[in-house]
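What follows is the residue order along each chain.
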Amino acid sequence: HIARGPGGFRWPDANIFRHNSRTDGIQAAIDDLAGPPGVVMCSAKTYGLTDCVWVHSNVTVFMNGSRWKRTAQGNSTVSGPVVNFGPYGSNGSQFSSGTRGTHVSLIGPGVLDGNHLTFSGLTNTNLGLSGLRMLWGDNPTVVNVRAENCLQDAFYLSMTRNISFCNIGGSTIGQWGVTSSRNAISIGNNEDVTDYINQGVIAGFRVAACATSRQRI
C-alpha cells in the first residue's frame, strides 16, 4: 500500500504507519497529516487497537467497511473509548473550552468494537470506555457507524454543538455496572444554553441489547 496521496490523503495500511503501531496504523496516518485538514482512508478489515484512536479537527476518516476493535488496554493515559476526538499533537487530551474541536468526521460503513470482555473496568475515568467520545466539539459528523460491545455509552458527547449524526447504532452497550454511563447515546451539557450547545441533527438511530432502555439526551 502507498502511504500518502495528493490533497492530504493517508492510507493506514502502509508499512510506515503500521510499524510498532498501537492502532494498526490508523493513528499514525492521522498524525502524519502534520496538521489538518486531511483524509484517512481505511480498508474493509478489522483493525486491532490497544489504544483509542484520536481524530483531530478538520480530519475526515472513511472507515470503508472496517471494524476498529479494542484488543487490550494500552497506556492508561491514552486508553479509553474506541475513538476519541481531540487536538492535534496532544493525543490523550480531549478538546476543552479553550481548544474546541471543529469539523471532525467519521464516515462509515464501519463498526467501533469495544470488545468489553477484554476489560474489567476503567483505567482512566476521564476518558471512559465508550464507542465514541467527544467533548467541546463543533460540527462533528458521524455517518453509518455502529458501536458495540462497549462497557459504557455507545456515543458520548458533551459541550458539543451543531451535531450531525446519521444512521448510527448501538448494540451490546453497558456491560459496566453504572447505570448513568451505559446508554446508547448520551448528550450532556454543563454550559449556558444560550451558546447553542448540543444543537444538531440525529437521523436513523438503531438500538439493540443495551443495558438501559433509555437514551439519555
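J.: Any chance you could explain the pairing of strand β7 (residues 66–70) here in plain terms?
T.: Two faces make up the sheet, and in a regular strand the side chains alternate between them. Burial along β7 is one-sided: the residues Ser66, Trp68 and Arg70 are buried and none of Arg67 and Lys69 is. Where β7 meets strand β10 (residues 105–113), four bridges bridge the pair, whose relative direction is parallel. Across the sheet, residue Trp68 finds its bridge partner in β10, namely Leu112.

J.: How should the packing of aromatic side chains be read in this particular structure?
T.: Geometry of an aromatic ring pair is reported as the spacing of the ring centres plus the angle between the planes. Under the criterion given, the structure shown has two aromatic pairs. When the ring of Phe9 is compared with that of Trp11, the centres are 6.1 Å apart and the planes differ by 25°; the resulting orientation is stacked. For the pair Phe155 and Phe165, a centre-to-centre distance of 5.9 Å together with 65° between the ring planes defines the contact as edge-to-face. Linking Phe155 in strand β14 (residues 155–158) with Phe165 in strand β15 (residues 163–173), this pair joins segments that are 10 residues apart in sequence. Residue classification places Phe165 among the buried residues on the basis of a relative accessible area of 2%. For the cation-ring pair, Lys45 lies above Tyr47, with the distance from its terminal atom to the ring centre recorded as 4.8 Å.

J.: Mind showing me how you'd approach the sheet that holds strand β11 (residues 132–135) here?
T.: Strand pairing in a sheet relies on backbone hydrogen bonds. The paired strands run either parallel or antiparallel. Taking strand neighbours across the sheet as the criterion, the five strands line up as β5-β8-β11-β14-β16 in an open arrangement whose pairing is parallel. Each end of this open sheet is capped by a strand with a single partner; those strands are β5 (53–55) and β16 (185–188). Going from strand to strand, the sheet's axes swing by 10° on average, the running direction of each strand aside. Two strands pair when backbone bridges link them, and strand β8 (residues 83–85) and β11 are joined in this way by two bridges, in the parallel orientation. Looking at the pairing, Val83 lines up with Leu132 of β11.

J.: What should I look at first to understand unusual backbone geometry in this one?
T.: For residues besides glycine, phi is generally negative; the peptide bonds are generally trans as well. For the peptide bond that leads from Gly108 to Pro109, omega is 15°, which places it in the cis range. By the secondary structure assignment, Pro109 is in strand β10. Phi angles above zero are rare outside glycine, and Asn20 is one such case at about 55°. We classify Asn20 as exposed; its relative accessible area is 70%.

Conventions we followed
- Residues numbered from 1 in each chain as written.
- Predicted model: local features only at pLDDT ≥ 70, side-chain atom pairs only at ≥ 80, totals over all residues.
- Heavy atoms only, no water.
- Buried < 20%, exposed > 50% of the residue type's maximum accessible area, 1.4 Å probe, protein only.
- Helix = DSSP H or I, 4+ residues; strand = E, 2+ residues; numbered from the N terminus.
- Pairing = 2+ DSSP bridges.
- Phe/Tyr/Trp six-rings, centres within 6.5 Å; stacked < 30°, edge-to-face > 60°.
- Lys NZ or Arg CZ within 6 Å of the ring centre and 35° of its normal.
- Axes fitted to C-alpha atoms, helices over the stretch in contact; angles between N-to-C directions.

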